[in-house]
Amino acid sequence: MSVRVSEFERVLGALAEVQRAEARDYSAFSVRGKRFGYFWPRTRTVGLKQTISEQLALVSERPDAFEVQFTAGGFGWVVAYLDEIEADELAELVYEAWRLSAPEELVAEVPFTRIARA
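As the structure is a prediction and not an experimental result, all values here were calculated from the model.

**Some words on the packing of aromatic side chains**
Within this structure, the stated rule accounts for nine aromatic pairs. Aromatic pair Tyr26 and Trp40: ring centres 6.3 Å apart, planes at 50°, arrangement tilted. In this pair, Tyr26 sits in the loop between β1 (18–22) and β2 (27–31) while Trp40 sits in strand β3 (residues 34–40), placing the two residues 14 residues apart along the sequence. On the accessibility criterion, Tyr26 (33% relative accessible area) is partly exposed. Their ring planes at 40° and their centres at 5.6 Å tell us that Tyr95 and Trp98 sit as a pair that is tilted. Of the two residues, Tyr95 and Trp98 are both situated in helix α3 (residues 87–101); the distance of three residues between them amounts to about one turn of the helix.

**A closer look at the sheet that holds β1**
Pairing is antiparallel across the open sheet formed by six strands, whose spatial order is β1-β2-β3-β4-β6-β5. Both edges of this open sheet fall to β1 and β5 (66–72), since each of them pairs with a single strand only. Taken over all neighbouring pairs, the strand axes of this sheet differ in orientation by 25° on average, direction set aside. Sheet topology places β2 next to β3; five bridges connect them, and they run antiparallel. Each bridged residue has a counterpart across the sheet, and for Ser27 the counterpart in β3 is Phe39. Together, β1, β2, β3 and β4 (45–51) form the strand contacts of helix α1 (residues 5–14), whose direction differs from that of β3 by roughly 165°. Set on the sheet, helix α2 (residues 52–61) makes contact with β4, β5 and β6 (75–81); between it and β5 the angle comes to about 160°.

About the criteria used
Residues numbered from 1 in each chain as written. Predicted model: local features only at pLDDT ≥ 70, side-chain atom pairs only at ≥ 80, totals over all residues. Heavy atoms only, no water. Phe/Tyr/Trp six-rings, centres within 6.5 Å; stacked < 30°, edge-to-face > 60°. Helix = DSSP H or I, 4+ residues; strand = E, 2+ residues; numbered from the N terminus. Buried < 20%, exposed > 50% of the residue type's maximum accessible area, 1.4 Å probe, protein only. Pairing = 2+ DSSP bridges. Axes fitted to C-alpha atoms, helices over the stretch in contact; angles between N-to-C directions. Contact = heavy atoms within 4.5 Å.

Okay, here's the thing in structure tokens:
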């Protein structure tokens, strides 16, 4: 069980209007100015926006794969370890993070089936 960085990049590339910002130790991802994710290459982890209930469920069910990053604005951000999850699971989490930040009309244009593995 492990996700290649190229798979993470494929999922991001399938989403609409993703902006990438580079910092010294990480990359940040937004849609129309709203942040939805982070990637830290050194630790092979991603931080993703989720609902608070999803954050708590992920962390309590699989603490080896997920940890709480922070909670803000009614959302629970979760850190996912790429070495501990599957590609289809990552695709769902990234899509959900993007969906929580994107405007409704953009979400309507990009259904999950567009990014799911064939």
